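The residues making up each chain are set out below.
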Amino acid sequence: MLDWLKINKDYPQFWKDYLGKFENKSRRFVAFSTETTGLDVEKDVILSIGAVGIENNSIVVKDSFEALIFQEKFNPEVAIKNGILKGSPEEKHSEAEAIEAFVNYLGNAVLVGHRIHFDIAIINQALEKLHCGKLKNEALDVEVMFHKWKQLPDDKQFSLDELSASFKISKSDRHTASGDAFIISLLFQRLKQRLGL
């Protein structure tokens, strides 16, 4: 059912505004990544979101987004690995604030990620808590694009590190949502060129 067409449903205002942005197709891409407490969409939560915009075949660094999310529940080992503990609670947002800001930032952009189905699913899980629908943005996955370029079977998996190494992209800021989003944007640019898109 096309519930996103029912803009007058009893959704929060930010969600109604978001749904209204899909009348036209976007030429803006947003590379994004999340850092989470684990890989179980039902049980785990988002610790941070990072994103960067891409327009006219250029990465627009000033068009970026970053949110650290204060969570009661988190695994300290995961948080330390991802650098989440660097910020004090005052620098972090509630999950609701971060998700609303991220949706406002996204608009109708085409999403780009690495194994993006997970990132979208965990954002959708957070949106469900806010009584919203699911993200409506089109999505592209750099791992799938790499498979198409190299004509490899879909079951062969490549980590973000392996994909980065294929293009000699520096991994200096890995395991932060913003750092991974920037790496994804670089990969997307190179793969888009290789695929002639």
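Residues numbered from 1 in each chain as written. Predicted model: local features only at pLDDT ≥ 70, side-chain atom pairs only at ≥ 80, totals over all residues. Heavy atoms only, no water.

**Q** Please clarify how unusual backbone geometry should be interpreted in this entry.
**A** Backbone phi values are negative for most residues with the exception of glycine, while trans is the configuration of most peptide bonds. Positive phi values are uncommon outside glycine, yet Asn56 reaches one of about 50 degrees. Within the fold, Asn56 resides in the loop between strand S2 (46-55) and strand S3 (58-68). On the basis of relative accessibility, which here comes to 65%, the residue Asn56 falls in the exposed class. A positive phi angle, close to 55 degrees, is found at Gln151, a residue other than glycine. Tracing the backbone through its elements, the reader meets Gln151 in the loop between helix H5 (142-150) and helix H6 (160-166). (Helix = DSSP H or I, 4+ residues; strand = E, 2+ residues; numbered from the N terminus. Buried < 20%, exposed > 50% of the residue type's maximum accessible area, 1.4 Å probe, protein only.)

**Q** In this structure, what is going on with the side chain of Asp63? I would like to understand it.
**A** Within the element layout of this structure, Asp63 appears in strand S3. A relative accessible area of 16% means that Asp63 is categorised as buried. Here the side chain of Asp63 touches Arg28 through a polar contact of 3.0 Å, side chain to side chain. Every residue in contact with Asp63, bar those within four places of it in the chain, is listed here: Arg28, Ala51, Val52, Gly53, Glu55 and Tyr105. (Polar contact = N/O pair within 3.5 Å; in protein donor to acceptor, adjacent residues only side chain to side chain. Contact = heavy atoms within 4.5 Å.)

**Q** Explanation requested: the packing of helix H3 (residues 95-106) against helix H4 (residues 116-129) in the structure shown.
**A** Relative orientation and spacing of two packed helices are given, respectively, by the angle between their axes and the distance between those axes. In contact at an axis separation of 10 Å, H3 and H4 are set at 115 degrees when each is read in the N-to-C sense. Crossing of H3 over H4 shows left-handed handedness. Of H4, the residues touching H3 (which contributes Glu95, Ile99, Phe102 and Val103) are Ile123, Ala126, Leu127 and Lys129. Split into classes, the residues belonging to the contact of H3 with H4 amount to six nonpolar, no polar and two charged. (Axes fitted to C-alpha atoms, helices over the stretch in contact; angles between N-to-C directions. Left-handed = near helix turned anticlockwise from the far one by under 90°. Nonpolar A, V, L, I, M, F, W, Y, C, P; charged D, E, K, R; others polar.)

**Q** Would you explain the environment of Phe182 in this entry?
**A** With respect to the helices and strands, the residue Phe182 is situated in helix H7 (residues 177-194). Taking relative accessible area as the criterion, Phe182 reaches 36% and is therefore assigned partly exposed. Placed 152 residues apart in sequence, Phe182 and Val30 show a C-alpha to C-alpha distance of 10.0 Å. Once residues lying within four places of it in the same chain are set aside, the contact partners of Phe182 are Val52, Ile59 and Val61.

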